[in-house]
Amino acid sequence: MKTQILKICLIVISIFPVLSCEVHSEMPEVPQSEPVAATIPSAQQWNENVVGWNLGNVFECSAPGQDGESMLIGNPDGAVHAETAWGSPVITKKMIAAVKKAGFNGIRIPIRWQCHITNEKAMSIDKAWIARIKEVVGWCLDNGLKVIINVHHEKWLESRPTYQYKEENCQKLALLWMNIASEFASYDYRLAFAGTNEVHLKDNWGKPTAENLEVQNTYNQTFIDVVRATGGNNSKRHLIVQTYVCNPWFGIENSDFIIPTDTPDNGNNYMSVEFHYYQPWEYAGEGKFDYWGDAYRDCGNVPESNEQTMADFFDKVVDTWSKKGLGIVIGEWGVSDHYRSNAEKVHENMTYYCQFFVSEARKRGFSTFIWDNNHFGNGQEKFGIFDRFKSMKVNTPWILQGIFAQ
């Protein structure tokens, strides 16, 4: 097994010559399994008709008591309990079953690894943490759900997309994905990997520079190269790359965003582009407008962005990426619960928005994963759907009504 790990390390070294890659006893052994004898879905086939849900504010939490913006890499005391650090309960098998029962057929699991690293030089992952992730992934697969796991809130990576840190970050990212991918190499094709999350300079969500885009491109290419090198089912597993800050326009409108090169026999068949869509933000996230869409103009003020805006945008996505054989993953989207008056009518409008959004995405073959942060109330970023403290009671039924009214 160490021979296989050394082979992967040599691939990493060929990309980053200054890296010293040693075999450590903590490093996972690479499964020597052959791909399962089943039809391998292309990325576009994987995404087709997937209506998914995000297990938000759980495994992407910082360690208990740790600053969520910390760039420290390590495994502090109590880190294995990070899933409850931001106010969610421990995830159970029944919770995953409730998501399936509600009608979802996919789950995206955001994961922070930086506070579960036992050896920074090798980016080795705490065995207890990887076992917990495998347990939850297993529950999802047992329920017939497709699953995405990613590298989420790695602040050392996400917050420093500059030339100064490019080589160091790519070395660490390569080792981290070598370890993750090796652990899951024998899992079947329902499991997909997403390379990064919302890469951006701290507190700057604006247009990237050429430097920022080049670093994002390198992150994406590093991810593809290293995961493919781990072999097994990873040689043709659905891999998902991101636009800068997961803003689609920073990929569509900027020719400096480059789709990574997969292996010659794969081409673009097993890759997707991921972006996030909380648009228009003044309605979907901020709640400045109670209503959205031309169909509700008579109810009150609505943002300029309407049904045609969304449809036209989705068509641009198709023209830019789908027609090149790439899949499309809308990794996060949602409508914060908000209203100033007439809550019933406002919620009816949220149902309408969700129905229009999911319908337009599905007809173009995009997968969608709604964000659920377990936060409820009235105002900005109240994206909770299932109350995890109350047996997964649905607190926002108007959201589900829209999602599944297809």
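As the structure is a prediction and not an experimental result, all values here were calculated from the model.

Participant: Which residues make up the environment of Asn150, and what values do they have?
Facilitator: You can see Asn150 is positioned in strand S5 (residues 146-150). The class for Asn150 is buried, based on a relative accessible area of 1%. Sequence spacing of Asn150 and Leu326 is 176 residues, and the spatial spacing of their C-alpha atoms is 18 Å. When near neighbours in sequence (up to four residues on either side) are disregarded, Asn150 contacts Arg108, Ile109, Pro110, Ile111, Trp113, Trp177, Ala194, Thr196 and Asn197. Side-chain polar atoms of Asn150 contact the side chain of His152, separated by 3.0 Å.

Participant: Tell me about the packing of aromatic side chains, residues and numbers included.
Facilitator: Throughout the structure, instances matching the rule amount to 29 aromatic pairs. Ring centres 6.3 Å apart and planes at 70° place the aromatic pair Phe104 and Phe386 in the edge-to-face group. Note that Phe104 is positioned in the loop between helix H3 (93-102) and strand S2 (106-109) and Phe386 in strand S11 (residues 386-387), a separation of 282 residues in sequence. Take Phe104 and Phe386: they sit in the same class, and that class is buried. Judged by centre distance (5.4 Å) and plane angle (50°), the rings of Tyr296 and Tyr352 are tilted.

Participant: Tell me about the pairing of strand S9 (residues 327-333), residues and numbers included.
Facilitator: Burial analysis of S9 places seven of its seven residues in the buried class, the great majority of the element. By the bridge criterion, six bridges tie strand S8 (residues 271-277) to S9 in an arrangement that is parallel. Bridging across to S9, Val273 finds its partner in Ile328. Sheet topology note: the S9/strand S10 (residues 367-370) ladder contains three bridges and is parallel. Note on S10: the bridge partner recorded for Ile330 is Thr368. Where the polypeptide runs from S9 across helix H11 (residues 343-363) and back to S10, its parallel neighbour, the crossover connection is right-handed.

Analysis parameters
- Residues numbered from 1 in each chain as written.
- Predicted model: local features only at pLDDT ≥ 70, side-chain atom pairs only at ≥ 80, totals over all residues.
- Heavy atoms only, no water.
- Helix = DSSP H or I, 4+ residues; strand = E, 2+ residues; numbered from the N terminus.
- Buried < 20%, exposed > 50% of the residue type's maximum accessible area, 1.4 Å probe, protein only.
- Contact = heavy atoms within 4.5 Å.
- Polar contact = N/O pair within 3.5 Å; in protein donor to acceptor, adjacent residues only side chain to side chain.
- Phe/Tyr/Trp six-rings, centres within 6.5 Å; stacked < 30°, edge-to-face > 60°.
- Pairing = 2+ DSSP bridges.
- Right-handed = clockwise from strand over helix to strand, strands pointing away.

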